[in-house]
Amino acid sequence: MIPLFAVAASLALLGACADDPATPRAQASGTPVPAVSVSASGAAPSASTGAAADPAFVDPAPAAAAGKIGPGTECAIPATLPIAAKWTPKDAAFYRWSTGGLTLRCEIDAKPAGVIGFIRVFTYEGTDAQQALAVLMITPLFGGKTTGEREITIGGKSGVEAALAANMNGPGRAFATGGVLVVWRGADEDEFKEGLPAYVLARTAISF
């Protein structure tokens, strides 16, 4: 693990909004909810099934794919992740941010699409998606509190998704599966909602 002062200095270069200052260390407080039945793509049950929708996980329609990251791309993560139009990926390996087996690998900037925020992509060691999410939540730079968690199938693999309480990084959503953890945070509630279709695209169309 690199010193926190070095991490903070590196992440200050992102310069998108008040998205990056270090936030106080906080333990994840969300209580996992029972696993829900979802499709292989990670889509939640529709209202017609009679299942009560968890308000923390109500999704808009996914954005249309206009690019991708993954093997052979600038962000060579061990999965193929579609990205929405004008969202701009950047290899984040030069930040050298790693802790507890979790490593920051890619940032997808929403600003060129008119939204303030980032989708950040991490990889993690092992197969425990819940543990990877827990590590993220207790890191000073990216963590915070969860307001809900659920176990779902993502990209044909067992995974977990969390709703993230707003902090200095804004509200967010995150999912982890197959060694990949993806986090979307918007600068505020409006920006979060504006960028949520791009996150839903990533979660429902990731492939391994």
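It should be noted that the structure appears before, not after, this text.
Calculation notes
- Residues numbered from 1 in each chain as written.
- Predicted model: local features only at pLDDT ≥ 70, side-chain atom pairs only at ≥ 80, totals over all residues.
- Heavy atoms only, no water.
- Buried < 20%, exposed > 50% of the residue type's maximum accessible area, 1.4 Å probe, protein only.
- Helix = DSSP H or I, 4+ residues; strand = E, 2+ residues; numbered from the N terminus.
- Pairing = 2+ DSSP bridges.
- Salt bridge = Lys/Arg side-chain N within 4 Å of Asp/Glu carboxyl O.
- Contact = heavy atoms within 4.5 Å.
- Polar contact = N/O pair within 3.5 Å; in protein donor to acceptor, adjacent residues only side chain to side chain.

This next bit is on the pairing of strand E10 (residues 180-186). For a regular strand, side-chain orientation follows a simple rule: the groups alternate between the two sheet faces. Most of E10 sits out of view: 7 of its 7 residues are buried. The side-chain alternation of E10 yields two buried faces, one formed by Val180, Val182, Trp184 and Gly186 and the other by Leu181, Val183 and Arg185. Inspection of the sheet shows strand E9 (residues 172-177) paired to E10 by 6 bridges, in the antiparallel sense. Of the residues in E10, the one forming a bridge with threonine 177 is valine 180. In this antiparallel pair of consecutive strands, E9 and E10, the connection spans 2 residues, and glycine 178 shows a positive phi of 60°.

With that settled, the discussion passes to the pattern of salt bridges. Going through the model one piece at a time under the given rule, you end up with 7 salt bridges. Of the charged contacts, one joins arginine 203 and aspartate 59 as a salt bridge, the two residues approaching to 2.8 Å between their closest N and O atoms. Of this pair, arginine 203 sits in helix H3 (residues 189-205) while aspartate 59 sits in the loop between helix H1 (4-11) and strand E1 (65-69), and the two are 144 residues apart along the sequence. Judged by its relative accessible area of 25%, aspartate 59 is partly exposed. Residues joined by salt bridges that share partners form a network here, namely Asp59, Arg150, Glu161, Arg173 and Arg203.

Remark: the alpha-carbon pair of aspartate 59 and lysine 193, spanning 134 residues in sequence, is separated by 9.6 Å. Non-local contacts of aspartate 59, meaning those with residues more than four positions away in its chain, are made with Arg150, Arg173, Val200 and Arg203. Here arginine 173 takes part through its side chain, which lies 2.5 Å from a polar atom of the side chain of aspartate 59.

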